[in-house]
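Each chain is listed here by its residues.
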Amino acid sequence: MIRAMQEGDRELFLELTAEFYQSDAVLHPVPEEFHSRTFAEMMSSDRYLNGYILEQENQAAGYGITAKTFSQEAGGIVVWIDEIYILPPYRSKGLAREFFQYLESHRHPGIKRIRLEVEEENVQAISLYKRLGFNELEYIQMIKDFD
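Bear in mind that the values here come from a model prediction, so they are computed numbers and not experimental data.

**Considerations on the overall build of the protein**
Broken down by element type, the protein carries four helices and five strands. Its helices and strands in sequence order give the protein the pattern β-α-α-β-β-β-α-β-α, from N to C terminus. Since a compact globule built from 147 residues should have a radius of gyration of about 15 Å, the 15 Å found for the protein is in line with a globular shape. Taking the principal axes of the C-alpha coordinates as reference, the protein spans close to 40 × 40 × 30 Å. Across the 147 residues in the protein, those meeting the buried criterion constitute 36%. Counting contacts in the protein only where the partners sit at least 6 residues apart, residues at least 24 apart contribute 55% of the total. Within the structure as shown, the protein displays about 10,100 Å² of accessible surface, and the carbon and sulfur contribution to it stands at 49%. Charge separation in the protein, taken as the distance between the mean sites of 15 positive and 25 negative side-chain charges, equals 7 Å.

**Quick word on the pattern of salt bridges**
A pair can form between side chains of opposite charge whenever their charged atoms are brought close. Enumeration over the complete set of coordinates arrives at six salt bridges. The shortest N-O distance in the salt bridge between R37 and E33 comes to 2.2 Å. Of the two residues, R37 and E33 both sit in helix α2 (residues 32-44), four residues apart, roughly one turn of that helix. E33 gets classed as partly exposed once you look at its relative accessible area, which sits at 47%. One network of salt bridges, with partners in common, ties together R3, D9 and E55.

**So, the packing of aromatic side chains**
Across all of its chains, the model carries 12 aromatic pairs by this definition. For the ring pair F13 and F39, a centre distance of 5.6 Å and an interplane angle of 35 degrees mean the geometry is tilted. One end of the pair, F13, is in helix α1 (residues 10-20); the other, F39, is in helix α2, with 26 residues separating them in the sequence. The class of F39 is buried, set by a relative accessible area of 3%. Taking the centre distance of 5.7 Å and the plane angle of 70 degrees together, the rings of Y52 and Y102 count as edge-to-face. One end of the pair, Y52, is in strand β2 (residues 49-56); the other, Y102, is in helix α3 (residues 95-105), with 50 residues separating them in the sequence. Take Y102: its relative accessible area is 21%, and that puts it in the partly exposed class.

**Digging into the UniProt feature "domain: N-acetyltransferase" (unreviewed entry) in the protein**
UniProt records the feature "domain: N-acetyltransferase" (unreviewed entry) at residues 1-147, using the numbering of this structure. Along residues 1-147, the helical share is 30% and the strand share 28%, with 38 Å between the first and last C-alpha atoms.

**Overview of the packing of α1 against α2**
For the pair α1 and α2, the least separation of the axes is 10 Å and the interaxial angle reads 135 degrees. Between α1 and α2, the interaxial angle falls into the category oblique. For the pair α1 and α2, the sense of crossing is right-handed. Contact with α1, carried on its side by R10, F13, L14, T17 and A18, involves H35, S36, T38, F39 and M42 of α2 and no other residues of that element.

Parameters at a glance
- Residues numbered from 1 in each chain as written.
- Predicted model: local features only at pLDDT ≥ 70, side-chain atom pairs only at ≥ 80, totals over all residues.
- Heavy atoms only, no water.
- Helix = DSSP H or I, 4+ residues; strand = E, 2+ residues; numbered from the N terminus.
- Rg over C-alpha atoms; globule rule 2.2 N^0.38 Å.
- Buried < 20%, exposed > 50% of the residue type's maximum accessible area, 1.4 Å probe, protein only.
- Contact = heavy atoms within 4.5 Å.
- Areas by Shrake-Rupley, 256 points an atom, 1.4 Å probe, with all protein chains shown as cover.
- Lys, Arg positive; Asp, Glu negative; His and termini not counted.
- Charge placed at Lys NZ, Arg CZ, Asp CG, Glu CD.
- Salt bridge = Lys/Arg side-chain N within 4 Å of Asp/Glu carboxyl O.
- Phe/Tyr/Trp six-rings, centres within 6.5 Å; stacked < 30°, edge-to-face > 60°.
- UniProt positions renumbered as here; feature names shortened; annotations may be inferred.
- Axes fitted to C-alpha atoms, helices over the stretch in contact; angles between N-to-C directions.
- Parallel < 35°, antiparallel > 145°, perpendicular 65-115°, else oblique.
- Left-handed = near helix turned anticlockwise from the far one by under 90°.

See the structure below:
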């Protein structure tokens, strides 16, 4: 089951993100205060971020975060899968697929694209995304951080 995050999920979210950022799925950890900021933003409105809890048999099995942007290239709103994390005991049981189906079935008509990033070494995730219809982009992404 996929459900929207609620205020009462704060501690669960912080536990799950701490585990995610210690996993091989990320290039580097982020400060703990960023996790708290993210949760606060998700609870303040759904303008920029949405958070989801992934459950199996009424147990928290992971989470997902989506972010929205407008893209001229896509011709409308793009939903970024900012993070998706499934706890090890719940992997390969269809939760990621269910999460993507949930996003597509609850898609607002203005949303024209779903986009995500994946580490090259995460071949299992890449295989899933390709089976779900995702295509690779030939972009090099660049960033500039500010304090």
